[in-house]
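Okay, here's what each chain looks like letter by letter:
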Amino acid sequence: AQSVTQLDSQVPVFEEAPVELRCNYSSSVSVYLFWYVQYPNQGLQLLLKYLSGSTLVKGINGFEAEFNKSQTSFHLRKPSVHISDTAEYFCAVRSNYGGSQGNLIFGKGTKLSVKP
Amino acid sequence: NAGVTQTPKFQVLKTGQSMTLQCAQDMNHNSMYWYRQDPGMGLRLIYYSASEGTTDKGEVPNGYNVSRLNKREFSLRLESAAPSQTSVYFCASSELGGRQETQYFGPGTRLLVL
């Protein structure tokens, strides 16, 4: 079974500052990793995902994440945030072993609040 | 393309009442999912449908039933609502249900059970 821990429930940051949202996962098999973003009163949309290959993954809106297998982490970063990045961010994991169906397991979310 | 649509957007029920949440997607996706989102809990899978005609339980299926009406539509039914089912419900779809695929989410249905 897999699990995801998002270490910070809330992250306040000033506009144009860098930000890192932390995600650690636990799994006995290889996994695919995802970051989703949820803007207020909306559904989730994909920011980026790691499937294989390069451990640095670039996503939409200037976000990137780095897969670190030894530390079982997939932290999300942005060098300079905007007010419009205010949202809740979810890390998710899915095992890549077995048949096509396997639950996508979400972390509890990190609320990013960007202040002017 | 509207993507994934959900109705209603908001609903208030009394304990014991029943209701059906509707979901439709226009992306010709094979797989569809129902999640619930509770504060501080992230999203948890209730049921999914790998393809038309099939449904399977997820992590928290108790108190719910689903119907994959056709390829486009996947409904979630609460037969006898309980206050513990107060939540935001999200429907999602993916092209083939593969583990590496992106899931596309609807805007959600906010349900309050009194």
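See the structure printed just above.
In this report, we go over the structure that sits alongside the text. (Residues numbered from 1 in each chain as written. Chains lettered and ligands numbered in written order. Predicted model: local features only at pLDDT ≥ 70, side-chain atom pairs only at ≥ 80, totals over all residues. Heavy atoms only, no water.)

What follows is about the packing of aromatic side chains. Summed over the entire model, instances satisfying the criterion amount to 13 aromatic pairs over all chains. With 5.6 Å between their ring centres and 90 degrees between their planes, Phe106(A) and Tyr35(B) make a pair best called edge-to-face. Of this pair, Phe106(A) sits in strand β11 (residues 105-106) while Tyr35(B) sits in strand β4 (residues 31-38), placing the two residues on different chains. Exposure remark for Phe106(A): the relative accessible area of 7% places this residue in the buried category. Assessed through its relative accessible area of 0%, Tyr35(B) is described here as buried. Summarising the aromatic geometry, the rings of Tyr35(B) and Phe105(B) are spaced 5.6 Å apart at their centres and angled 40 degrees between planes, so their arrangement reads as tilted. (Phe/Tyr/Trp six-rings, centres within 6.5 Å; stacked < 30°, edge-to-face > 60°. Helix = DSSP H or I, 4+ residues; strand = E, 2+ residues; numbered from the N terminus. Buried < 20%, exposed > 50% of the residue type's maximum accessible area, 1.4 Å probe, protein only.)

With that settled, the discussion passes to the layout of surface pockets. Within this model, the largest pocket holds a volume of roughly 630 Å³. Lining the largest pocket are 29 residues, with Gln38(A), Glu88(A), Lys111(A), Gln37(B) and Arg110(B) positioned closest to its centre. Listed by contribution, the elements that provide at least two residues to the lining of the largest pocket are β10 (87-95) and β12 (110-115) of chain A together with β4, β9 (87-94) and β11 (109-113) of chain B. A per-class count over the lining of the largest pocket returns nine nonpolar, 13 polar and seven charged. (1 Å grid on protein atoms, 1.4 Å probe; cavity = no way out; pocket = protein on both sides within 12 Å on 5 of 7 lines; lining within 4 Å. Points joined across faces, edges and corners; volume = space filled by probe spheres on them. Nonpolar A, V, L, I, M, F, W, Y, C, P; charged D, E, K, R; others polar.)

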